[in-house]
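So you can see what is in the structure, the chains are spelled out below.
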Amino acid sequence: MRHHKNVWMMLIVLSIVAILFYLFFWMLTTPYDLFPSDPERADRMLSAIKSILSRKSSQVMAMIISAILISSTSLIFQTLTNNRILTPSLIGFDAIFVLVQTVIVFFFTSSSIVYVNPYINFLVAATLMIVLSLLMYRLILRKNRNHIIFLLLVGMVLSTLSRSLATFLQTVMDPEEFQSLLIRTEVSIANMNTTIIWLSLPLMVLIVILIVKNFRSYDVMSLGESQAIGLGVDYAKKLNWGLIYIALAMSISTAMIGPISFLGLIAVNAAREILKTYKHFPLFIASSLIAIIFIVLGQGIIVETGYLTTVTVLISMIGGAYMIYLVLKENKT
Amino acid sequence: MSNVKLITSSQAISMFQNKLKWFNRRWYLIIVFVLLTFISLLVGVLDLTLIDLLKGDAAAWNVLWISRVPRTVAIILTASSLSIAGLIMQSISRNKFISPSTAGTTNAAILGVLIGYLIMGNQTTLIRSIFAFAFALVSTLIFMLMLKKIKFKNVIYVPLIGMMYGAMISSIATFIAHRYNAIQFLNTIGIGGFSNKAIGSYELLYLVIPAVILAIVYATRFSIAGMGEDFAKNLGVSYGFVIGVGLIIIAVVSSITFVMVGTLPFVGLIVPNLVSYYYGDHVKKTIVDIALFGSSFVLLNDIISRIIVFPYEISISFTMGVTGAIIFLLIIFRRMKHATS
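This is a predicted model, so every value here is computed, not measured. (Residues numbered from 1 in each chain as written. Chains lettered and ligands numbered in written order. Predicted model: local features only at pLDDT ≥ 70, side-chain atom pairs only at ≥ 80, totals over all residues. Heavy atoms only, no water.)

**Re the overall build of chain B**
Summing up its helical and strand segments, chain B has 14 helices and zero strands in all. In chain B, the succession of α and β elements from N to C terminus is α-α-α-α-α-α-α-α-α-α-α-α-α-α. Rg of the C-alpha trace for chain B: 22 Å, near the compact-globule value of 20 Å for 341 residues, within the 12% margin. Taking the principal axes of its C-alpha atoms as reference, chain B extends roughly 80 × 60 × 35 Å. Counting across all 341 residues of chain B, residues that qualify as buried make up 52%. For chain B, the share of sequence-separated contacts (at least 6 apart) that also reach a separation of at least 24 residues comes to 76%. Carbon and sulfur atoms provide 68% of the accessible area of chain B, an area that totals close to 16000 Å². (Helix = DSSP H or I, 4+ residues; strand = E, 2+ residues; numbered from the N terminus. Rg over C-alpha atoms; globule rule 2.2 N^0.38 Å. Buried < 20%, exposed > 50% of the residue type's maximum accessible area, 1.4 Å probe, protein only. Contact = heavy atoms within 4.5 Å. Areas by Shrake-Rupley, 256 points an atom, 1.4 Å probe, with all protein chains shown as cover.)

Shown next as structure tokens:
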């Protein structure tokens, strides 16, 4: 227990350090005098600092929201699939997101309210994505619940399909419309869409509450399907709802920071390795903290070092190597 | 006595009918293939009619030889070799969902072309292909070794791991490209298609012919190797050698076609699956059908992408992405039904 206390302390301190680093480190390296004696310049400097800080804090906020969503949904996805290596990002929500945005521009034009207003746009896109994923779930999970792994394969094929369809629509689209489409589809961690954080924050809180409320059932479900049913868990219902949370969470994080495929894998597995527990609640907290550390600290370092690469690439490299390690280790035990 | 005789003769008849059916099926394929080849030769922006050709119009024959024939030949070579590579990969890994695109081979070819560019600058397509080949071979080998170590060999789990492995290789390529300012070059790798294939720009594709011949020669041995190492050894097949030959064929085909025409989604995946559904898993018997079927499928897609926005054309990878995805989904659903029932 004592050992765990240290771990928690370390994780919390590290995530705070990461956030502070992201917010304030630039002040130490900037060549400008941040607190000039001239009152007029001091005023201007102050407002500049304020605007930088507000931009950076909304970016941090977007990253934290996404980190929590990604790690919590990866955690329950691993429980539902009964597999430690799969993450919901394999379903390919990013391709579906791009297709949805393309369809919106194609049929409503880029000057319509559905596209211009970020909130309405997000709501429409998220609704469409959830409807699409529900259709997919219905189609595949209707007959046999064990087919969740088929879901991944179908998702992967659907993402190729939607990528092809989106590219086709984009080729026949008006060039100016295409230009304005890029604003929404070229979302990545280096180019975050922070306009919707005030919408996604309450949604995230809602999803997290719903997921946390179900943690007891998920604890039982991680024993396996027949055991869970034997112990009185309505497995099919929990599975369906879990998949709905996943679709919602993935739409939010994809709309804000774009796809980050291996983050969930790293965070959840690292949490499992550190805590050596199967209980969902501590795993959830630890994996969220690890995801925050990874993404905020990583992005902070990359911003400060002049964008040598991107966090997504770094996380994919580390995550891929970690995955191979996990695959090989699973074999030994 | 007469009863027994009756049964045997009816069996003989049914066997004969089966043989006939087999021939019929192949003949259908051949007819479709020839028909599509003709259409592919005749479709295009420049007017080219059979009558002109028969009259011996020099301009018409020029169009045919300089642009139409190279394109059609390129399609046939690419499609048949990719389908065969997919077949080999699926039979030696005993998994119907594996192909060069779901095992990191294509991603490794991209990495290879990038490294080649960084070391030697702009190079000929031959050198590009050699780099792509070396990386594709090593990466496929690593994936196969990894596959051997995986305990939980679920049919779908394995290609998912393959795709994550491919994503990791891609991220390494992106990382290197970021460091050496080659992102722009990286984005141009693998953009191809058949639209620019004319005399002088497709001949390298002939290099896949030896690989295809080798594949046909080794066909039976691939089926045996697919039954497992011990089984293959019992039958006197040198397992490691056969797997090695298979990997080399896969790497040659996927690197050359990738460098020359870019990615063609789903060919290596769905063509062997569809053919094995109708013709069974016997590699030696199906390999020709797979080549024919794969070529017809890609020819059809190429014709569609040439006429859908005529006189322009859309990239074949989009057409293939759509038609291939739909067919692949049907395959998956059918498999799911089998699994449930």
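And the narrative resumes.
**Considerations on the environment of I64(A)**
Looking at where I64(A) falls in the secondary structure, it is placed in helix 2 (residues 39-81). A sequence separation of 45 residues divides I64(A) from I19(A), and the C-alpha atoms of the two residues are 9.3 Å apart.

**So, the side chain of S58(A)**
With respect to the helices and strands, the residue S58(A) is situated in helix 2. A polar atom in the side chain of S58(A) sits 2.9 Å from the backbone oxygen of R55(A). (Polar contact = N/O pair within 3.5 Å; in protein donor to acceptor, adjacent residues only side chain to side chain.)

**Quick word on the environment of I332(B)**
Among the structural elements, I332(B) can be located in helix 14 (residues 316-340). I332(B) has contacts with F150(A), L153(A), V154(A), V157(A) and F97(B), leaving out every residue within four places of it along the chain.

**Comments concerning the interface of chain B and chain A**
Taken together, the contact between chain B and chain A spans 39 residues of the former and 41 residues of the latter. Between chain B and chain A lies a buried interface of about 3800 Å² when both sides are counted; carbon and sulfur atoms form 84% of it. At the junction of chain B with chain A, the criterion picks out one residue pair in polar contact (both at pLDDT 80 or more). Of all elements in the fold, only helix 5 (125-149), helix 6 (157-179) and helix 14 of chain B reach the threshold of two or more residues within the side of chain B that touches chain A. Here the residues of the side of chain B that touches chain A sort into 27 nonpolar, eight polar and four charged. (Buried area = accessible area lost by both parts, 1.4 Å probe. Nonpolar A, V, L, I, M, F, W, Y, C, P; charged D, E, K, R; others polar.)

**Quick word on helix 12 (residues 263-275) of chain A**
Note that an α-helix has 3.6 residues per turn; residues three or four places apart therefore point the same way. All names here are of chain A. Taking 1.5 Å per residue, 13 residues should reach 18 Å; helix 12 reaches 18 Å between its end C-alpha atoms and fits that length. In terms of residue burial, helix 12 counts as a mostly covered element, since eleven of its 13 residues are buried. Along helix 12, the positions that sit buried rather than exposed are L263, G264, L265, I266, A267, V268, N269, A270, A271, R272 and L275. Residue K276 follows helix 12 closely and has a positive phi angle near 50°. (Expected span 1.5 Å × (residues − 1).)

**Re the nonpolar core**
Grouped together as the largest cluster of nonpolar side chains are 206 residues, with contacts concentrated most on L243(A), I295(A), M323(A), L114(B), V298(B), F328(B) and I332(B). Among the elements that line this core, the one with the most residues is helix 11 (residues 239-261) of chain B, at 14 residues. When residues no more than four places from it in sequence are discounted, the contact partners of L114(B) are A173(B), I176(B), A177(B), A182(B), F185(B), L186(B) and I189(B). Counting residues in hydrophobic clusters, the runner-up holds seven residues, among them L48(B), L53(B), V63(B) and L64(B). (Core = buried A, V, L, I, M, F, W, Y, C linked by side-chain atoms within 4.5 Å.)

Without other data, these values stay purely geometric and don't point to any function.
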